[in-house]
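This is what each chain is made of:
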Amino acid sequence: MKTRSAGVIVLVSVVAGASFLAGAHLPQDDDFFAIRKSFEIFGSVYEELVANYVDRVDPERLMRSGIDAMLEELDPYTVFFDEADNADMDIITRGSYGGVGLNVGIRNGRITVIAPVEGASGYKQGVRAGDVITGVGGRSTEDLSLTDVQTLMRGEPGTTVQLTVEREGARDPIEFILTRQRVKIENVTYAGFIPGSSIGFVKLERFARGAGREVRDAIEELRAQKEMTGLILDLRDNPGGLLDAAVEVSELFVPSESVIVSTDGRRSETRRVYTSSRSPLLPDTPLAVVTNGISASASEIVAGAVQDLDRGIVIGSTTFGKGLVQIVRDLPYNTSLKLTASRYFTPSGRSIQSVAYRFGQETARQAEDASSMQYRTESGRPVRGGNGIEPDLVIDDDLSPLETALMRRAAFFFFANRYAADGPPVSEDFLPDDNMLRDFRRWLESQDFSYDLTVEQQITAIERTLEGQDLGGIRDELEQVRRAVDAEKSKAFDLYRDRIRDRLRAEIVSRYHGEEAQIRSSLGHDPFVRRAAEVLAEPATYRAFLSPG
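Trainee: Help me get a handle on the overall build of the protein, residues and values and all.
Mentor: Scanning the protein from terminus to terminus reveals 17 helices and 21 strands. Sorting the 549 residues of the protein into buried and exposed places 45% on the buried side. Sequence separation of at least 24 residues holds for 70% of the intrachain contacts in the protein that already meet a minimum separation of 6. Just so you have it, the protein exposes about 27800 Å², and 50% of that area is on carbon and sulfur atoms.

Trainee: Got a sec to walk through helix α12 (residues 434-446)? Specific residues and values, please.
Mentor: Three- or four-residue spacings in an α-helix give side chains the same orientation, since the helix completes a turn every 3.6 residues. The end-to-end C-alpha separation of α12 is 18 Å, in line with the 18 Å expected for 13 residues at 1.5 Å each. Buried residues of α12: M436, L437, F440, W443 and L444, and no others. Buried residues in α12, looked at end-on, bunch into an arc of 120°, giving them a common side. Taking the backbone nitrogen of N435 as reference, a side-chain oxygen 3.2 Å away marks D433 as the first, capping residue of α12. Note on α12: the residue one or two positions beyond its end, D448, has a positive phi of about 55°.

Trainee: Please provide a residue-by-residue account of a nonpolar patch on the surface, values included.
Mentor: Taken together, I41, V45, L49, Y53 and V54 make up a surface patch of nonpolar side chains, about 490 Å² in accessible area. Mapped onto the fold, L49 is located in helix α1 (residues 29-52).

Trainee: Residue-level account of the side chain of E205, with values.
Mentor: Take E205: it is sitting in the loop between β11 (199-204) and α6 (211-225). The buried charged residue E205 lacks any salt bridge partner; its closest oppositely charged side chain belongs to K203, at an N-O distance of 4.7 Å. A polar contact of 3.1 Å, which involves the side chain of E205, links it to the side chain of T189. Once residues within four sequence positions are removed from consideration, E205 is found in contact with E186, N187, T189, N238, P239 and E515.

Trainee: Any chance you could break down the packing of aromatic side chains for me, citing the residues and the numbers?
Mentor: Applying the stated criterion across every chain yields a total of 10 aromatic pairs. For the pair F415 and F440, a centre-to-centre distance of 5.1 Å together with 70° between the ring planes defines the contact as edge-to-face. With F415 in helix α11 (residues 411-422) and F440 in helix α12, this pair connects stretches of sequence that are 25 residues apart. On the basis of relative accessibility, which here comes to 2%, the residue F415 falls in the buried class. When its relative accessible area of 0% is taken as the criterion, F440 is described as buried. Ring centres of F440 and W443 lie 6.2 Å apart, and the angle between their planes is 15°; on these two criteria the pair is classed as stacked. One end of the pair is F440 and the other is W443, both in helix α12 and 3 residues apart, which spans about a single turn. For the pair F440 and W443, a shared accessibility class is recorded, and that class is buried. Taken together, the aromatic side chains of F412, F415, F440, W443 and F493 make up a single cluster linked through ring pairs. Here the guanidinium or amino end of R107 rests over the ring plane of F413, the centre of that ring lying 5.4 Å away. Of note, K322 hangs over the ring of Y77, and the distance from its end group to the ring centre comes to 4.5 Å.

Trainee: Quick one: what's the story with the sheet that holds strand β12 (residues 230-234), residue by residue and with numbers?
Mentor: Ordered in space as β10-β11-β12-β15-β16-β21, the 6 strands form an open sheet in which the pairing is mixed. Of all strands in the sheet, those bounded by a partner on one side alone are β10 (188-193) and β21 (393-394). The sheet contact formed by β11 and β12 spans 5 bridges and is parallel. Note on β12: the bridge partner recorded for I199 is G230. Sheet strands in contact with α6 are β10, β11 and β12, and its direction is about 20° off that of β10. Sheet strands in contact with helix α8 (residues 298-308) are β12, β15 (287-291) and β16 (313-316), and its direction is about 140° off that of β15.

Trainee: Lay out unusual backbone geometry in plain terms, naming residues and giving numbers.
Mentor: Here the phi dihedral of E257 falls at roughly 75°; this positive angle occurs in a residue that is not glycine. As for its position among the elements, E257 is in the loop between α7 (243-251) and β13 (259-265). With relative accessibility at 58%, the residue E257 sits in the exposed group. Unusually for a residue other than glycine, S297 sits at a positive phi of about 45°. On the secondary structure map, S297 appears in the loop between β15 and α8.

Reading guide: rules and limits
Residues numbered from 1 in each chain as written. Predicted model: local features only at pLDDT ≥ 70, side-chain atom pairs only at ≥ 80, totals over all residues. Heavy atoms only, no water. Helix = DSSP H or I, 4+ residues; strand = E, 2+ residues; numbered from the N terminus. Buried < 20%, exposed > 50% of the residue type's maximum accessible area, 1.4 Å probe, protein only. Contact = heavy atoms within 4.5 Å. Areas by Shrake-Rupley, 256 points an atom, 1.4 Å probe, with all protein chains shown as cover. Expected span 1.5 Å × (residues − 1). Arc of directions from axis to C-beta. Polar contact = N/O pair within 3.5 Å; in protein donor to acceptor, adjacent residues only side chain to side chain. Patch = residues over 30% accessible without salt bridge, like charges linked within 9 Å, V, L, I, M, F, W, Y side chains within 5 Å. Salt bridge = Lys/Arg side-chain N within 4 Å of Asp/Glu carboxyl O. Lys, Arg positive; Asp, Glu negative; His and termini not counted. Phe/Tyr/Trp six-rings, centres within 6.5 Å; stacked < 30°, edge-to-face > 60°. Lys NZ or Arg CZ within 6 Å of the ring centre and 35° of its normal. Pairing = 2+ DSSP bridges. Axes fitted to C-alpha atoms, helices over the stretch in contact; angles between N-to-C directions.

Written out as structure tokens, the structure reads:
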């Protein structure tokens, strides 16, 4: 029997709801005495400190410190939210907010526009990815946090906010007066066909309300264009969302009456089994779910159900491993507490939780024991628990030290800003040529770009231990090693030039054509997508992955 509870959350981010557990539960008698005793002691200590400590104590800050200290004893997903945090929860769960439609983040220590939301005020008035926000609402951002800036940009729909930005290539700051409006955050950010094939592709960014409907609509639109011989569901970098949304997405693929996920906790109301109650939209179409190390919680529910029910194959890298379910309790003064209430289990009965946490006294040994436990899919294929969802086909996407350093410095991001300021517009199928790669390399040199390999750090550590000692021969050998490492590093750019070219292409295309075009133009170059499409195009290969033999 299918059961649901609106607002249950199973992700790394914040979500609100939990109507099935609204209201407090009475503790057991022994717990009630301990709670009352501890509360009286805590209250007395708090009151004495606020009233009589030698220096004035901020009562709210001291209480928050006490709450934070309590939560440190538990898992990392049990979190207290103040009023501002509650506003952020509403954005994630409802998928809409009153704002100017700018995704912002920290780049090189400055608050920067990552991408404007198409159709929103910021996008329409010309705010660009890469613009550095220096003022918002008449206030300088110099001493503001990222959260502060995001909060100042939000407000009642119809109101306005002033935004000041610095832009690559612009001599003076640029002023915008942006109108706040109800901005819809899409769960599905792209749907289309792999170039030159009849294999569909759907990018699911999050599991907010309506995710199941959006995926269904995207699939139906693709099927209206032409016959679809396979589907790739991309869950990479999707941190999760609502449990109900994960169930609704899974229902589009798995057989009716199939168990999708179950939850188990201390209280009877947290012990539930979620099954598919409707006929699948795609009962037989070959399916590949693509994951990586950031795919978590609700993403893992979908991937786990598809894998355990042998409905499709999972391709990519092992998922994050978050098998805990949170609910949200409303607290006084518009605050709330998100707390872990149960664990969830895939159809085969495995837990995918692999992140160490104190609640429940989980240890590294217990996690190792869990990962060694064998489970079976519906057809008898072996799968493991306790380590996220391990793909049926693993694709190595480890970044080289050079690529990692370039990503950390946001080098591709800022070079794209420079190109957009000076260079001619590009088409969606644009591909950087060798001249642009040389320009990028020269630009890196102008930015004093450098990075250290682990071996260089070890050489430095050894050299420090040799200070003051007459061991010149060893120092000469270390210097030879350092020169050999430098020679290898100088070859790295050419060794990874194709991957560097792809990242440059994606960033520059996004400056002119937006996020959707960026994804569309990446499909032909993405190694995850290419491999998934190859498997789906070969029925024998696809069936072999699903065979227990």
